[in-house]
Every structure is written in structure tokens, then in C-alpha cells.
Amino acid sequence: SVTLFGMGFSSTADFSCRFGVVPSSRSLWVAQSIVICTAPESKAGNVSIEVSNNGVDFTRTGHRFSFIPPRQWVLLPSRGPVSGGSVVTVSGLSAMTTTSLMFGSERISVTAQTDG
């Protein structure tokens with residue numbers, strides 16, 4: 001979901017968001033200055049995100065939203081003792097954007113290493 005801040009949003013039956021020309025899978029009016037738009041499924045790429053109070057006339061702000069392709073990753077080993085302590089290698093994650101991983105309810109910091 002994307003939270004948009006602006007002004008003049010109206011709580012109408014026809015309030016809607018769109019990503020490019022594709023309607024949002026969910027459009028939620030929160031306040032006159034806040035709306036939440038849920039992105040539809042899409043191929044990778046950049047699109048404009050726009051809102052409409054009447055379902056016909058959309059804004060033309062030019063704000064961009066980027067759909068990124070899913071990344072493939074590998075976890076080794078894929079299991080370990082319940083007592084913990086295993087060193088786990090995760091391959092295929094972007095070290096630029098990944099700072100931690102969740103193991104159950106515990107957040108673990110990532111130590112990045114690059115090949116080469």
C-alpha cells in the first residue's frame with residue numbers, strides 16, 4: 001500500500017486511485033489530506049500514481065511508482081537445531097537494501113559479503 005498526502009481528497013463512493021491506467025486494487029480515503037492506495041499486480045516498470053474523487057477525473061501530478069521484479073534467493077542451510085546458533089547464508093539479496101532478516105519473531109542483522 002502507498003500512503004499519499006495532499007489536499008482536497010473527498011470521501012465519496014467513487015473515490016479511486018490508479019497506477020498508470022490500472023485501477024488500484026483498494027482505495028481508502030483516510031482524511032481530506034491522506035489516502036491509501038493498494039498497488040495492483042503489474043509487470044516491472046514505472047507508472048504514475050493518480051487519484052480521483054469522482055472515478056473519472058484523475059489528478060495529473062506525475063508522481064511515479066516503481067514496480068520491481070521479485071528477486072530469487074537461496075537459504076543455506078534450510079534447517080537447523082531448535083537451540084539456534086547456525087550460521088545461515090542467504091544468497092541473492094541486494095546488500096544495498098537488505099539490513100536485517102526475520103527468523104520467526106527475531107530480527108537478525110545482515111552481514112553483507114559480495115562475490116569476487
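Our subject is the structure that appears above.
This report concerns the structure included in the present document. (Residues numbered from 1 in each chain as written. Predicted model: local features only at pLDDT ≥ 70, side-chain atom pairs only at ≥ 80, totals over all residues. Heavy atoms only, no water.)

1. Quick word on the overall build of the protein
Then, in step 1: What the protein contains, in helices and strands, is zero helices and eleven strands.
Then, in step 2: Start at the N end of the protein and walk to the C end: the helices and strands fall as β-β-β-β-β-β-β-β-β-β-β.
Then, in step 3: Whereas a compact globule of 116 residues would reach a radius of gyration of roughly 13 Å, the protein reaches 20 Å, over 25% beyond that.
Then, in step 4: Principal-axis analysis of the C-alpha atoms gives the protein an extent of 55 × 30 × 20 Å.
Then, in step 5: Relative to its full complement of 116 residues, the protein shows a buried share of 20%.
Then, in step 6: In the protein, 40% of the contacts between residues at least 6 apart in sequence involve partners at least 24 apart. (Helix = DSSP H or I, 4+ residues; strand = E, 2+ residues; numbered from the N terminus. Rg over C-alpha atoms; globule rule 2.2 N^0.38 Å. Buried < 20%, exposed > 50% of the residue type's maximum accessible area, 1.4 Å probe, protein only. Contact = heavy atoms within 4.5 Å.)

2. Quick word on the sheet that holds strand β2 (residues 16-19)
Then, in step 1: Spatially, the four strands line up as an open sheet ordered β3-β2-β6-β7, and their pairing is antiparallel. Bordering the open sheet on either side are β3 (22-23) and β7 (64-67), each of which pairs with just one other strand. (Pairing = 2+ DSSP bridges.)

3. A word on the side chain of glutamate 50
Then, in step 1: Counting through the fold element by element, glutamate 50 comes out in strand β6 (residues 45-52).
Then, in step 2: Comment: no salt bridge for buried glutamate 50; closest opposite-charge side chain is arginine 18, at 6.6 Å.
Then, in step 3: At a separation of 2.5 Å, a polar atom in the side chain of glutamate 50 contacts the side chain of threonine 59.
Then, in step 4: Glutamate 50 has contacts with Ser16, Cys17, Arg18, Phe58, Thr59, Arg60, Thr61, Gly62 and His63, leaving out every residue within four places of it along the chain. (Lys, Arg positive; Asp, Glu negative; His and termini not counted. Salt bridge = Lys/Arg side-chain N within 4 Å of Asp/Glu carboxyl O. Polar contact = N/O pair within 3.5 Å; in protein donor to acceptor, adjacent residues only side chain to side chain.)

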